[in-house]
Amino acid sequence: MGSTGTVLRELRGAQKSSKGVSLYSRYVNRPAGRLLAAGAFRAGLTPNQVTLISAAFTFTAIAAVALVEPSWWLGVLVHAGLAVGFAFDSADGQLARLTGRGGPDGEWLDHVVDCAKMILVHSAVLIAFHRFGGLPGEAWLLLPLGFLFVAVLTFCAGLLREQLGKAAAGTAPVPGAPGAPVSPIRAVALLPADYGIFCLVFLLLGAPGAFRAGYAVLAAVHALFLVAFLAKWFRELKALRAG
């Protein structure tokens, strides 16, 4: 088993392409995941065990949103749990590529955890809105439901785009090199749709009005991104059929 420095160098060479990745994921979450993956490798953990660690941090933080009265301290703890869970979510794939121990079971488990995370986080916000009150009107209860719809549709449509694209092409796409050219404008533009940026809104839990406003803005932005993504993915799949 090599040193941590050696493992980190090998992990840097096993990164996925940065195309279509926001600045947060590229410069914050992936590097954090790389450190966690190196630690997991040294500890002898499997990629699936890392996925379950990610789930533990994430689901604990989500449960706190639904069960604990909002406060500034809760916001800090929830954000920390979600951010660490997100970093471990990056670490499991990096560890799988490093060790060659990835497989359909790991990919399936990762997607199941991701889907559960999206459903539960917005459900927790809905529960918190209902339990702790202070809403300007009952119509605000529809906001988490709308955000949930947008998040799940984006996830499912994106996953289908990937799988149908592979089937149409007859082969899985080869991941790009970490140093492949990446549009900085696109990386900045994708920031509002990044899960890591979404996690930041929970830092406002101590100010319910500010939290609602931030959450509503993110919901609107994600809805706009969904429309753009659906149009883009449809055109890409149509082009594959024509080709």
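I will try to describe carefully the structure that is included in this document. This structure is a prediction, so every number in the text was calculated from the model and none was measured.

1. A word on the nonpolar core
With 27 residues, the main nonpolar core has Val-78, Leu-82, Phe-198, Phe-202, Phe-211 and Tyr-215 as its most contacted residues. Listing elements by their share of this core, those giving two or more residues are helix H3 (47–67), helix H4 (72–99), helix H5 (104–132), helix H6 (142–169), helix H8 (195–200) and helix H9 (208–242). Setting aside residues no more than four positions away along its own chain, Val-78 makes contact with Ala-61, Ala-64, Val-65, Phe-202 and Leu-205. Residues Ala-37, Val-50, Phe-88 and Leu-95 belong to the second largest nonpolar core, which totals six residues.

2. With respect to the side chain of Ser-54
Within the secondary structure, Ser-54 is located in helix H3. Among the polar contacts made by the side chain of Ser-54, one reaches the main-chain carbonyl oxygen of Gly-85 at a distance of 2.7 Å. If we ignore the near neighbours within four places in the chain, the residues touching Ser-54 are Gly-85, Phe-88 and Asp-89.

3. Describing the pattern of salt bridges
Tallied over the full model, the rule gives four salt bridges. Between Asp-114 and Lys-117 there is a salt bridge whose closest N-O contact spans 3.5 Å. With Asp-114 and Lys-117 both in helix H5, this residue pair falls three residues apart, about one helical turn. What you see here is one network of salt bridges that share partners, running through Asp-89, Asp-114 and Lys-117.

The rules behind each value
- Residues numbered from 1 in each chain as written.
- Predicted model: local features only at pLDDT ≥ 70, side-chain atom pairs only at ≥ 80, totals over all residues.
- Heavy atoms only, no water.
- Core = buried A, V, L, I, M, F, W, Y, C linked by side-chain atoms within 4.5 Å.
- Buried < 20%, exposed > 50% of the residue type's maximum accessible area, 1.4 Å probe, protein only.
- Helix = DSSP H or I, 4+ residues; strand = E, 2+ residues; numbered from the N terminus.
- Contact = heavy atoms within 4.5 Å.
- Polar contact = N/O pair within 3.5 Å; in protein donor to acceptor, adjacent residues only side chain to side chain.
- Salt bridge = Lys/Arg side-chain N within 4 Å of Asp/Glu carboxyl O.

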